[in-house]
Amino acid sequence: MREYLLYVKVGDEAAHVYVTPCFAVDQTYWRERDGCRLHVIGKSPSLALAFYLRGVLNARLQGRDVGEEDIAAMREWALAHVREANALYGREARDMQPLRGEWFLFERAGEDAGDADGRQADEGEDADAGREAPFGPGAPFSAGALPDLRADSERLHLLLQGRALLLEELDGFLSRRGWTGSLRGECLQWLVLDGKAEWRPGIELFVRRDWWRRRLAMRCGRCGSERGIALTLCHSCGQGCAYCTTCLDMGRSKCCTPYLCVPGKRTRFRKDSAAAVLQWEGRYSQMQAAAAERARRFVAASKPGPSAFLMWAVCGAGKTELLFPAIRETLADGGPVLIATPRKDVVLELAPRLQRVFPAARVIAVHGSSREKWEDADITVATTHQVMRYYQRFPLVVLDEADAFPYHNNPVLYRAVSRAVQPGGKTLYLSATPPRYLRKRLVLSAFRFPTHSATHVLLPGRYHGFPLPVPRVCTVAALDKRMRQGRPVPPLLDGVKASLAAGRQVFVFVPRVEDVPRVLQYLQARLPNHANAMAGVHAADPEREQKVRLFRDKRHAVMVTTTILERGVTIPQSDVIVVGADAPVFDEASLVQIAGRVGRSADAPEGTVLFIQSHRSTAPYAAIRQIRRMNRLAERLRKKEAPSCCGSRV
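Here's a quick rundown of the structure. A quick note: this is a predicted structure, and the numbers were derived from the prediction, not measured.

### Topic: the packing of helix 1 (residues 23-31) against helix 7 (residues 184-193)
Part 1 of the reasoning: In the contact formed by helix 1 and helix 7, the axes pass within 10 Å of each other and the chain directions differ by 45 degrees. Taken as axis vectors, helix 1 and helix 7 run oblique relative to one another. Along this stretch, helix 1 crosses helix 7, giving a crossing that reads as right-handed. In this structure, helix 1 contributes Val-25, Asp-26, Thr-28, Tyr-29 and Trp-30 to the contact, and helix 7 contributes Glu-186, Gln-189, Trp-190 and Leu-193.
Part 2 of the reasoning: In the contact of helix 1 with helix 7, the residues fall into five nonpolar, two polar and two charged.

Next comes the structure, spelled out in structure tokens:
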């Protein structure tokens with residue numbers, strides 16, 4: 001069982017309270033600082049409790065110097081706060097019983113065994129604490145290991161830069177990266193004392209004092225969530241503990257689990273700029289060239305200015321290609337680039353596209369089942385959940401589809417993306433339907449649709465110059481009932497038959513997972529000649545990737561799907577039908593994205609978009625108004641640039 005020691009460092013400057021899992025490392029570190037004295041307050045197997053007490057005692061100190069009487073008072077204060085934490089935890093954990101009579105164990109230092117000279121380690125309790133291997137089992141540390149400790153700490157620092165990892169993830173990460181140092185835990189503690197790394201409990205606890213009562217509050221140190229905290233009796237620390245259910249898929253973040261954050265450095269990722277070589281044979285329209293150049297200038301700006309930029313481009317405008325100059329600018333400066341997207345499908349499609357145009361760069365795809373998640377790269381394409389494992393690593397973070405689930409309205413993922421950016425770095429948002437909060441923050445006037453400002457650029461037209469297909473709306477009374485009874489729904493059946501007769505593929509979007517097999521069976525029963533060319537897919541489908549691949553290869557002609565395919569999928573010569581367009585899941589932004597699946601290729605810029613609803617709803621008509629507004633704006637801009645619309649290369 002790991003134990004964490006709480007001590008006060010008193011020197012020429014103000015006194016401060018520290019937490020350490022290996023007091024011998026701290027003694028050795030502070031020995032080089034003349035005049036330091038270390039006074040032990042106590043120790044506990046609960047890292048969350050130790051950090052809570054550190055915060056309370058530092059607040060009492062307020063940076064002032066202390067004497068012997070103050071040290072004794074601080075030990076009493078610590079004990080009083082432990083009692084309070086025990087009582088408040090017990091109030092929340094009514095259905096559990098403490099293992100040893102108390103929820104949190106804390107051993108206060110004795111009056112005559114609690115001090116240590118920073119120049120000479122004392123015997124007694126402090127020396128015993130020094131024998132405890134930091135962060136778990138390991139070889140005992142001695143002062144003679146100091147030269148190796150410093151060198152190994154620097155090597156470890158290089159490996160961990162820009163990472164945020166739980167202790168349980170650390171060993172696997174270091175073994176994959178070839179770490180051979182024997183004092184891994186000691187090196188980490190040295191980096192923490194040196195200010196090159198941060199560590200904290202996986203679950204932080206604090207007392208929230210309302211006017212009518214006090215209560216124990218908990219927050220996940222990794223994802224920042226306070227709502228998904230579950231109390232438990234922990235087999236690791238042998239006492240009251242808690243873990244976070246919000247980010248449980250990323251590993252168990254607990255009160256007794258150290259969470260390590262190592263900031264990245266503003267240094268060149270490579271010694272050369274070969275990774276910045278761009279091999280792309282495409283051409284920009286004048287509108288695209290202007291938008292790409294504005295994004296590049298934002299990234300290249302070295303003077304203090306906006307840290308966020310919105311690239312608002314309609315579906316099919318070529319948002320990925322517009323990123324190339326900004327990515328090249330960052331790579332040429334030696335910095336790695338992160339492209340975060342909410343969905344695994346987009347990660348798998350985007351990574352090979354970027355590898356083709358940046359052939360000398362290392363491009364990796366990071367998602368839940370990826371084998372590359374622990375590797376370094378010039379360009380990292382990751383799902384937004386995996387971004388939680390990065391910490392101040394990237395000078396440029398591109399957030400693709402900022403309005404999409406699960407990123408949209410998710411404060412956990414907002415926090416993860418913002419923490420991945422280096423201090424002074426840039427965030428570039430991409431969206432065809434940016435959420436209101438983003439428009440309010442980065443667009444001067446959303447009502448007038450300004451084409452550009454210092455913090456945004458608007459691209460209302462597609463790369464091939466043709467307008468966005470405008471959807472049609474059909475209202476079919478008792479739509480669900482008709483389909484359950486197997487009765488004809490002419491707009492749906494006629495639309496599918498017309499598309500198939502023209503040799504086109506069809507997306508059929510439905511609002512709920514349970515609607516996928518029901519609508520698929522309905523279409524197969526009503527159109528038996530095409531039954532074998534139909535399939536259905538949803539997020540939990542184990543054959544999801546295979547079915548989408550078959551649809552891309554034209555092995556399936558009709559794909560019944562939920563909103564998982566509303567973005568990031570390009571199928572030439574395809575049409576779209578939305579069944580139940582009045583369902584709440586189909587808001588204005590979602591319907592605009594769905595309509596954007598049609599007419600994306602230059603050789604087939606037209607197509608059919610049909611919204612079928614059972615009663616009149618506002619979202620379909622709002623989506624149509626937005627599409628028409630963008631078409632009008634794109635037409636006006638095309639007329640202005642008509643004399644010089646030959647296009648430009650990157």
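### Section: the packing of helix 2 (residues 47-61) against helix 3 (residues 68-92)
Packed helices, taken two at a time, are described by the angle between their axes plus the distance between the axes.
Part 1 of the reasoning: The geometry of helix 2 relative to helix 3 is characterised by a closest axis approach of 10 Å and an angle of 130 degrees between their N-to-C directions. As the angle between them shows, helix 2 and helix 3 are arranged oblique. Considering how the two elements wind past one another, helix 2 and helix 3 form a crossing that is right-handed. Here Leu-49, Tyr-52, Leu-53, Val-56, Leu-57, Arg-60 and Leu-61 of helix 2 lie close against helix 3, whose contacting residues are Met-74, Trp-77, Ala-78, His-81, Val-82, Glu-84 and Ala-85.
Part 2 of the reasoning: Of the residues belonging to the contact of helix 2 with helix 3, the class tally is eleven nonpolar, one polar and two charged.

### Topic: the sheet that holds strand 7 (residues 198-201)
Part 1 of the reasoning: Sheet architecture is open: three strands sit in the order 6-12-7, paired in antiparallel fashion. Edge positions in the sheet fall to strand 6 (163-166) and strand 7, since each has one partner strand and no second. For this sheet the average axis-to-axis angle between neighbouring strands, irrespective of direction, equals 15 degrees.
Part 2 of the reasoning: In the sheet, strand 6 pairs with strand 12 (residues 258-262) via four bridges, with the strands oriented antiparallel. Along strand 12, the bridge assignment pairs Arg-163 with Val-262.

### A closer look at the packing of aromatic side chains
Here the distance between the centres and the angle between the planes together describe a pair of aromatic rings.
Part 1 of the reasoning: Within the structure shown, the criterion is met by 19 aromatic pairs.
Part 2 of the reasoning: A ring pair is formed by Tyr-29 and Trp-190, whose centres lie 5.0 Å apart and whose planes are at 80 degrees; its orientation type is edge-to-face. Note that Tyr-29 is positioned in helix 1 and Trp-190 in helix 7, a separation of 161 residues in sequence. An identical accessibility class is assigned to Tyr-29 and Trp-190; each is buried.
Part 3 of the reasoning: Between the aromatic rings of Tyr-89 and Phe-104, the centroid separation amounts to 5.1 Å while the plane-to-plane angle is 70 degrees, which identifies the pairing as edge-to-face. In this pair, Tyr-89 is assigned in helix 3 and Phe-104 in the loop between helix 3 and strand 4 (107-108), connecting sequence segments 15 residues apart.

### Considering the pairing of strand 1 (residues 4-10)
Part 1 of the reasoning: With seven of seven residues buried, strand 1 lies mostly within the body of the structure.
Part 2 of the reasoning: Burial along strand 1 is two-sided: Tyr-4, Leu-6, Val-8 and Val-10 facing one way and Leu-5, Tyr-7 and Lys-9 facing the other are all buried.
Part 3 of the reasoning: Note that strand 1 and strand 3 (residues 37-44) share seven bridges and pair antiparallel. Across the sheet, Tyr-7 pairs through a bridge with Val-40, a residue of strand 3.
Part 4 of the reasoning: Pairing of strand 1 with strand 2 (residues 16-20), which is carried by five bridges, proceeds in the antiparallel orientation. Each bridged residue has a counterpart across the sheet, and for Tyr-7 the counterpart in strand 2 is Tyr-18.

### Brief notes about unusual backbone geometry
Part 1 of the reasoning: Notably, Gln-392 is not glycine yet its phi reads approximately 50 degrees, a positive angle.
Part 2 of the reasoning: You can see Gln-392 is positioned in the loop between strand 16 (379-383) and strand 17 (394-400).
Part 3 of the reasoning: Its identity is not glycine, yet Ala-478 carries a phi of approximately 50 degrees, on the positive side.
Part 4 of the reasoning: As for its position among the elements, Ala-478 is in the loop between strand 21 (472-475) and helix 14 (479-484).
Part 5 of the reasoning: In this structure Ala-478 comes out as partly exposed when scored by relative accessible area, which is 42%.

### Remarks on the pattern of salt bridges
Part 1 of the reasoning: Evaluated as defined, the whole model comprises 31 salt bridges.
Part 2 of the reasoning: Across the pair Glu-3 and Lys-43 runs a salt bridge whose closest N-O atoms are separated by 3.6 Å. Placement of the pair is Glu-3 in the segment before strand 1 and Lys-43 in strand 3, with a sequence separation of 40 residues.
Part 3 of the reasoning: Judged by its relative accessible area of 26%, Glu-3 falls in the partly exposed class.
Part 4 of the reasoning: Lys-43 sits in the buried class, given a relative accessible area of 15%.
Part 5 of the reasoning: In this structure, the salt-bridge partner of Lys-196 is Glu-154, at a minimum N-O distance of 2.5 Å. With Lys-196 in the loop between helix 7 and strand 7 and Glu-154 in helix 5 (residues 146-160), this pair connects stretches of sequence that are 42 residues apart.

About the thresholds
Per chain, the residues get numbers from 1 upward, laid out in the order the sequence is written. Given that this is a predicted model, residues contribute local features only at a pLDDT of at least 70 and side-chain atom pairs are listed and counted only at 80 or more, while totals for whole chains, interfaces and linings are drawn from all residues. As a convention, hydrogens and water are excluded, and side-chain values are obtained from all of the structure's heavy atoms. Axis definition: a line fitted to C-alpha atoms, over the contacting stretch in the case of helices. Angles run 0 to 180 degrees between N-to-C directions. Numbered from the N terminus, helices here are DSSP runs of H or I no shorter than four residues, and strands are runs of E no shorter than two. Throughout, the term roughly parallel applies to angles under 35 degrees, roughly antiparallel to angles over 145, roughly perpendicular to angles from 65 to 115, and oblique to all others. Whether a crossing is left-handed or right-handed is set by the direction in which the near helix is turned from the far one by less than a right angle, anticlockwise for left-handed and clockwise for right-handed. The criterion used for residue contact is that any of the two residues' heavy atoms lie within 4.5 Å. Polar here means any residue other than Ala, Val, Leu, Ile, Met, Phe, Trp, Tyr, Cys and Pro, which are nonpolar, and Asp, Glu, Lys and Arg, which are charged; Gly is therefore polar. Following DSSP output, two strands are said to pair if at least two bridges run between them. When two rings of Phe, Tyr or Trp (its six-membered ring) have centres within 6.5 Å they constitute a pair, described as stacked for plane angles under 30 degrees, edge-to-face for angles over 60, and tilted for the intermediate range. Only protein chains enter the calculation, and the probe is 1.4 Å; a residue is then buried if its accessible area is under 20% of its type maximum, exposed if over 50%, and partly exposed in between. When a carboxyl oxygen of Asp or Glu lies within 4 Å of a side-chain nitrogen of Lys or Arg, that pair is called a salt bridge.

These figures come from the coordinates and say nothing about function on their own.
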